[in-house]
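Chains, contacts and geometry: an overview
Letter by letter, the chains look like this.
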Amino acid sequence: MKIDVLTLFPAMFAGPLDESIIKRARNKGLLDLKIHDLRDWTHDRHRTVDDKPFGGGPGMLMKPEPIFEAVESLKREKTKVILLSPGGRKFSQQIAAELAVENDLLLVTGHYEGFDERVREALADDELSIGDYVLTNGALPAMVVIDAVTRLLPGVLGDDESSRDESFSHGLLEYPQYTRPAEFKGMKVPDILVSGNHAGIEKWRREQARKRTEKNRPDLLT
Ligand code: SAM
């Protein structure tokens with residue numbers, strides 16, 4: 001998969017996407033990630049990317065011209081252009097799975113008070129929010145999307161890290177898990193998990209996943 005990111009803060013991407021599973025995916029050629037500085041598409045001495053909103057109001061908006069020019073030069077025939085914005089539809093495991101079958105994503109991240117509306121109207125194929133809170137800019141949201149999508153690409157996770165049975169994959173949160181020792185600080189692993197009764201273990205896990213979902217995320221059950 002190819003992912004391009006348009007940002008005012010390319011340096012923010014260096015650490016998180018250069019470690020662990022994402023680093024391995026990049027090294028194996030499963031993820032071709034390019035981070036682009038939006039200011040490279042400005043033409044004035046100050047490399048201006050923002051301006052005051054018409055009608056007044058606090059803060060500055062991202063100007064349309066550099067974003068249009070950048071998207072038009074980076075976009076290929078099948079590229080899906082996604083704006084990161086608190087006003088977008090809420091990103092989820094299901095949306096990550098939908099994006100993981102695309103070949104080519106362009107993530108457009110904002111800053112200040114967000115985008116001139118014409119960016120949304122004319123350039124965006126989709127608009128995603130990572131949650132109901134407002135961050136200072138779209139770099140972290142873009143990294144969240146990249147991480148969640150990349151780990152679903154075929155060949156990225158090994159068997160030890162499989163995404164088959166984890167939270168949200170069956171509409172439920174994940175069941176409780178334990179490793180050795182079987183008893184720790186007086187807390188024992190549930191007997192069923194060391195019983196060797198595979199059908200019993202499956203049933204226990206389903207029940208526990210449901211209980212945890214009812215307690216922490218009842219919205220997933222409706
Ligand atoms: N004025 C905007 C609003 O009320 O919706 C908020 C702009 S925010 C300060 C600046 C940029 O950060 C946004 O353009 C977006 O790219 C990014 N951002 C902030 N919170 C986000 C979230 N929850 N999900 C996705 N992107 C977010």
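Reading the values: the criteria
- Residues numbered from 1 in each chain as written.
- Predicted model: local features only at pLDDT ≥ 70, side-chain atom pairs only at ≥ 80, totals over all residues.
- Heavy atoms only, no water.
- Near = heavy atom within 4 Å.
- Polar contact = N/O pair within 3.5 Å; in protein donor to acceptor, adjacent residues only side chain to side chain.
- Areas by Shrake-Rupley, 256 points an atom, 1.4 Å probe, with all protein chains shown as cover.
- Helix = DSSP H or I, 4+ residues; strand = E, 2+ residues; numbered from the N terminus.
- Nonpolar A, V, L, I, M, F, W, Y, C, P; charged D, E, K, R; others polar.
- Core = buried A, V, L, I, M, F, W, Y, C linked by side-chain atoms within 4.5 Å.
- Buried < 20%, exposed > 50% of the residue type's maximum accessible area, 1.4 Å probe, protein only.
- Contact = heavy atoms within 4.5 Å.
- Domains from an automatic or database assignment.

**Here we look at the site of the ligand**
- By nearness alone, 21 residues border the ligand, and L84, G110, E113, Y133 and L135 come closest of all.
- One of the backbone N or O atoms of L84 is found 2.6 Å from an oxygen atom in the ligand.
- Here a nitrogen atom of the ligand and a backbone polar atom of G131 are 3.1 Å apart.
- Taken by itself the ligand offers 580 Å² of open surface, and the protein chains cover 83% of this.
- Mapped by element, the contributors of at least two residues to the shell around the ligand are β5 (80-90) and β7 (126-129).
- Ranked by residue count, the leading element in the shell around the ligand is β5, at three residues.
- Classifying every residue of the shell around the ligand gives ten nonpolar, ten polar and one charged.

**Concerning the nonpolar core**
- Membership of the largest hydrophobic core comes to 28 residues, with the highest contact counts inside it found for I3, V5, F91, L99, L107, I146 and V149.
- Mapped onto this core, the elements with two or more residues apiece are β1 (2-7), α1 (20-27), β5, α3 (93-99), β6 (104-108) and α5 (139-150).
- The element that contributes the greatest number of residues to this core is α5, accounting for seven residues.
- Residues contacting L99, with those up to four places away along its chain left out, are M1, K80, I82, F91, L105, L128, V145 and V149.
- The next biggest cluster of nonpolar side chains, apart from the first, holds 17 residues, and it includes L8, V49, L74 and V81.

**A closer look at the domain arrangement of the protein chain**
- As assigned here, the protein chain comprises domain 1 (2-150) and domain 2 (165-221).
- Of note, the centres of domain 1 and domain 2, computed from C-alpha atoms alone, are 37 Å apart.

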